[in-house]
Amino acid sequence: MRMCAAYDTKILAVPSDQPATQKMRMMHLVFWLGILVLTGCASVRREQAPERMFDTVAPVGFKPDIRYLSSDPGAIKSRFSRILQHRRAISGGAPLNILALSGGGAGGSFGAGALVGFSRHGDRPKFDIVTGVSAGALIAPFAFLGSAWDAQLDDNFSGKYSEHFLVTRGFSILFNTGVYQSKPLVDFVDHFVTDEMIREVAAQAALGRLLLVATTDLDKEETVIWDMGQIAAHGGVAARTLFRDVLVASASIPGVFSPVIIPVESKGAKYAEMHVDASATVPFFIAPASAYVLPIDPGVLKGSNIYVLVNGQLGVIPETTRVNTISILSRSLSAELNHMTRAEIALTSEFAQKYGMSLRVTEIPIDYPFRGPLEFHESTSRQLFDYGADCAKEAKLWATVEQSLARNEKTLSTEFVKNTPAETAAISSCPLNGPSLRPETSIQAH
């Protein structure tokens with residue numbers, strides 16, 4: 001641990017001739033300024049990060065092809081396109097089904113419930129590609145493994161465990177890199193990433209299916225896409241540990257939880273990379289960023305179905321923000337996610353039209369009393385899970401982008417009281433008021 005070399009103590013001096021009340025206030029100010037100085041200047045020692053952007057650096061014991069930078073043009077030609085072609089060939093030329101799960105913190109309960117309800121309705125596809133970011137990354141393995149894992153999805157994401165995520169560090173925050181302890185999150189992920197899950201993911205990946213999870217590499221300030229099937233196929237304790245660490249990193253909100261340090265190596269040299277929540281760079285993804293500008297064989301993607309499951313809202317009813325750390329953090333994260341997600345949906349819609357794919361989206365409606373990405377109470381998580389499950393079961397989950405925009409515009413144009421008690425959330429209508437569109441009736445590019 002190292003601290004800043006010095007600061008001017010005169011700035012923090014308390015004049016002795018001040019009245020007692022004013023002196024006490026100034027002492028409190030001095031105390032908190034001291035806390036900020038120490039917190040801002042403390043840093044944890046770590047190994048040096050790799051200096052090159054595109055190279056052969058890999059987690060210790062693994063091959064470099066288990067991951068790639070989203071911005072790497074070479075990844076499109078050498079990996080992504082080739083894998084898509086292979087999967088399309090295996091499926092006999094049938095259209096691909098792609099599921100993208102967004103970040104959203106506590107909103108992940110909605111996505112988990114939606115998948116369970118999708119199964120109950122009876123038409124949940126076996127997704128060829130599943131991608132996950134942040135909270136969506138934690139759900140992604142269950143979505144990838146299919147309806148047989150719905151019981152575990154319900155058990156893990158309906159609020160029983162998440163209520164204990166936010167454990168403050170107290171004064172130890174001075175010597176750590178997150179406001180809240182990371183151990184509850186690590187323990188939660190370690191609990192559900194079992195040897196059985198690793199074996200099943202590896203088996204499905206061997207069939208040509210893809211499970212991709214994103215993190216943000218802070219050293220490069222870039223999105224890293226991890227091939228979780230490749231990691232699982234490695235087998236053993238190392239596979240399970242890296243699989244877990246990638247999921248934890250993808251959900252580690254910067255400043256809220258500590259980053260995850262991943263040891264890597266290249267040509268015998270040892271390094272360390274710092275990874276945090278993928279939502280810092282991308283809210284969700286269906287392909288690497290470079291795929292949006294570089295050409296892909298149109299025959300590989302034509303007719304494919306994209307499902308984007310947003311674990312949050314795309315707008316909010318205006319309300320007064322309470323002056324406390326949780327409220328300010330939660331609303332700031334919510335605002336950032338809302339705007340990034342809307343922009344990514346627009347980009348994805350353009351990508352889908354370009355390659356003749358259908359696109360369906362779903363999100364937590366604006367008029368649902370969602371309390372934000374840091375609201376992890378069991379009762380609200382359970383209700384949000386059930387809401388998602390019920391809407392999906394009634395085929396009122398998936399909408400076109402146009403339908404989603406129209407619904408949100410209608411909601412915002414009418415008066416709505418935001419401070420509705422959470423227990424009345426079930427009265428909110430579903431993301432789609434009518435039945436969800438089937439793939440063959442969805443809007444496609446011509």
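Position numbers for residues count from 1 along each chain, tracking the sequence in the order it is written. Residues qualify for local features only when their pLDDT is at least 70, as the model is predicted, and side-chain atom pairs are given and counted only at 80 or more; totals for whole chains, interfaces and linings, by contrast, use all residues. To obtain the side-chain values, all non-hydrogen atoms of the structure were included, while hydrogens and water were left out.

### A look at the overall build of the protein chain
Logical step 1: What the protein chain contains, in helices and strands, is 13 helices and 10 strands.
Logical step 2: The classification of residues rests on relative accessible area computed with a 1.4 Å probe and restricted to protein chains. Under 20% of the type maximum is buried, over 50% is exposed, and intermediate values are partly exposed. The buried share of the protein chain, taken over its 446 residues, is 52%.
Logical step 3: Contact between two residues is taken to exist if any of their heavy atoms lie within 4.5 Å; hydrogens are not considered. Sequence separation of 24 or more characterises 80% of the internal contacts of the protein chain that already satisfy a separation of 6 or more.
Logical step 4: Surface summary for the protein chain: the accessible area is close to 20,200 Å², and the carbon and sulfur share equals 58%. Strands are runs of DSSP state E lasting at least two residues, helices are runs of H or I lasting at least four, and both sets are numbered from the N terminus onward. What sets the accessible areas is the Shrake-Rupley method with a 1.4 Å probe; for residues, cover comes only from the shown protein chains.

### Quick look at the pairing of strand β7 (residues 260-266)
One face of the sheet, then the other: side chains in a regular strand alternate in exactly this way.
Logical step 1: Burial along β7 is one-sided: V260, I262, V264 and S266 are buried, while I261, P263 and E265, pointing the other way, are not.
Logical step 2: By definition, two strands form a pair when at least two bridges between them are found by DSSP. Sheet topology note: the strand β1 (residues 58-59)/β7 ladder contains two bridges and is antiparallel. Each bridged residue has a counterpart across the sheet, and for P59 the counterpart in β7 is V264.
Logical step 3: In this structure, β7 lies alongside strand β8 (residues 269-276), joined through seven bridges in antiparallel fashion. By the bridge assignment for β8, V264 is matched with Y271.

### What to know about the environment of L210
Logical step 1: Structurally, L210 is set in strand β5 (residues 210-217).
Logical step 2: The spacing of L210 and F127 is 83 residues in sequence and 8.8 Å in space, taken between C-alpha atoms.
Logical step 3: Setting aside residues up to four positions removed in sequence, L210 forms contacts with I83, D128, I129, V130, F144 and D227.

### A closer look at the confidence of the model for the protein chain
Logical step 1: On a scale of 0 to 100, pLDDT captures the predictor's confidence in every residue. Predicted confidence across the protein chain gives a mean pLDDT of 82, with 80% of residues reaching 70 or more.
Logical step 2: Here residues 1-39 is a poorly scored stretch, pLDDT under 50, and it has 31 contacts once near neighbours within four places are set aside; other chains count.

### Remarks on the pattern of salt bridges
Logical step 1: Put simply, a salt bridge is a Lys or Arg side-chain nitrogen that is within 4 Å of an Asp or Glu carboxyl oxygen. Inspection of every chain in the model, using the stated rule, returns 13 salt bridges.
Logical step 2: R124 is the salt-bridge partner of D150, the closest N and O atoms lying 3.0 Å from each other. One end of the pair, D150, is in helix α5 (residues 150-157); the other, R124, is in the loop between α3 (108-121) and β4 (129-133), and 26 residues separate them in sequence.
Logical step 3: Its relative accessible area of 11% is what places D150 among the buried residues.
Logical step 4: Given a relative accessible area of 12%, R124 falls into the buried group.
Logical step 5: Taking the shortest distance from any N to any O, the salt bridge between R382 and D386 comes out at 2.8 Å. On the criterion of helical spacing, the pair formed by R382 and D386 is a turn pair, its members being four residues apart in helix α12 (residues 378-393).
Logical step 6: A relative accessible area of 30% means that R382 is categorised as partly exposed.
Logical step 7: A residue is classified by how much of its surface remains accessible, and D386, at 30% relative accessible area, is partly exposed.

### Regarding unusual backbone geometry
Logical step 1: The phi dihedral of E221 is positive, around 55°, even though this residue is not glycine.
Logical step 2: Mapped onto the elements of the fold, E221 is located in the loop between β5 and β6 (222-227).
Logical step 3: A residue is classified by how much of its surface remains accessible, and E221, at 64% relative accessible area, is exposed.
Logical step 4: Its identity is not glycine, yet A395 carries a phi of approximately 60°, on the positive side.
Logical step 5: Structurally, A395 is set in the loop between α12 and α13 (401-412).
Logical step 6: Accessibility expressed as a relative area gives 14% for A395, which makes it buried.

### Points about the nonpolar core
As a rule of thumb, nonpolar side chains are buried together in soluble globular proteins.
Logical step 1: Working definition of a nonpolar core: buried Ala, Val, Leu, Ile, Met, Phe, Trp, Tyr and Cys residues. They are joined through side-chain atoms within 4.5 Å. Counting residues in each nonpolar core, the largest one holds 73 residues, and the members touching the most others are L99, F192, F243 and L247.
Logical step 2: Among the elements that line this core, the one with the most residues is helix α4 (residues 135-145), at eight residues.
Logical step 3: If we ignore the near neighbours within four places in the chain, the residues touching F243 are P141, V193, M197, I198, V201, L211, M228 and I231.

### Things to note about the side chain of S279
Logical step 1: Mapped onto the elements, S279 comes out in the loop between β8 and α10 (298-301).
Logical step 2: S279 gets classed as buried once you look at its relative accessible area, which sits at 9%.
Logical step 3: Once residues within four sequence positions are removed from consideration, S279 is found in contact with G103, V133, S134, L337 and M340.

### So, the packing of aromatic side chains
Logical step 1: Only the six-membered ring of Trp is used, alongside the rings of Phe and Tyr, when aromatic pairs are assigned; centres must lie within 6.5 Å, and planes under 30 degrees apart are stacked while those over 60 apart are edge-to-face, with the rest tilted. As enumerated under the stated definition, the model contains 14 aromatic pairs in all.
Logical step 2: Ring centres of F118 and Y307 lie 6.0 Å apart, and the angle between their planes is 55°; on these two criteria the pair is classed as tilted. A residue pair is termed long-range when its members are at least 10 positions apart, and F118 in helix α3 and Y307 in strand β9 (residues 305-309) qualify at 189 residues. The pair F118 / Y307 is uniform in exposure class, with both members buried.
Logical step 3: Three or more aromatic residues link up through ring pairs in this structure, and these residues are F142, W149, F157, F188 and F192.
Logical step 4: For a Lys NZ or an Arg CZ to count as sitting over a ring, it must be within 6 Å of the ring centre and within 35 degrees of the ring normal. Between the NZ or CZ atom of R209 and the centre of the ring of F144, over which it lies, the distance is 4.2 Å.

### Focus on the pairing of β5
Logical step 1: With respect to burial, β5 is a largely interior element, eight of its eight residues being buried.
Logical step 2: Along β5, one buried face is formed by L210, L212, A214 and T216 and the opposite face, lined by L211, V213, T215 and D217, is buried too.
Logical step 3: For β4 and β5, the ladder comprises five bridges, and the chain directions are parallel. Its bridge partner lying in β5, G132 is registered against V213.
Logical step 4: Between β5 and β6, which pair antiparallel one after the other, the connecting turn spans four residues, and E221 there sits at a positive phi close to 55°.
Logical step 5: Alignment of β5 against β8, held across two bridges, turns out to be antiparallel. Paired with D217 across the bridge in β8 is H275.

### Structural notes on the packing of α4 against helix α9 (residues 236-250)
Logical step 1: Angular values range over 0 to 180 degrees, each being the angle between N-to-C directions of two axes fitted as lines to C-alpha atoms, with helices fitted over their stretch in contact. Packing of α4 against α9 leaves a shortest axis separation of 6 Å and a crossing angle of 140°. One way to sum up the angle between α4 and α9 is to call them oblique. Every residue of α9 that contacts α4 at A137, L138 and P141 is listed here: F243, L247 and S250.
Logical step 2: Under the grouping applied here, Gly and all other residues not named as nonpolar or charged are polar, the nonpolar ones being Ala, Val, Leu, Ile, Met, Phe, Trp, Tyr, Cys and Pro and the charged ones Asp, Glu, Lys and Arg. In terms of residue class, the contact of α4 with α9 is made up of five nonpolar, one polar and no charged. Note that the term roughly parallel is reserved for angles under 35 degrees, roughly antiparallel for angles over 145, roughly perpendicular for angles of 65 to 115, and oblique for everything else.

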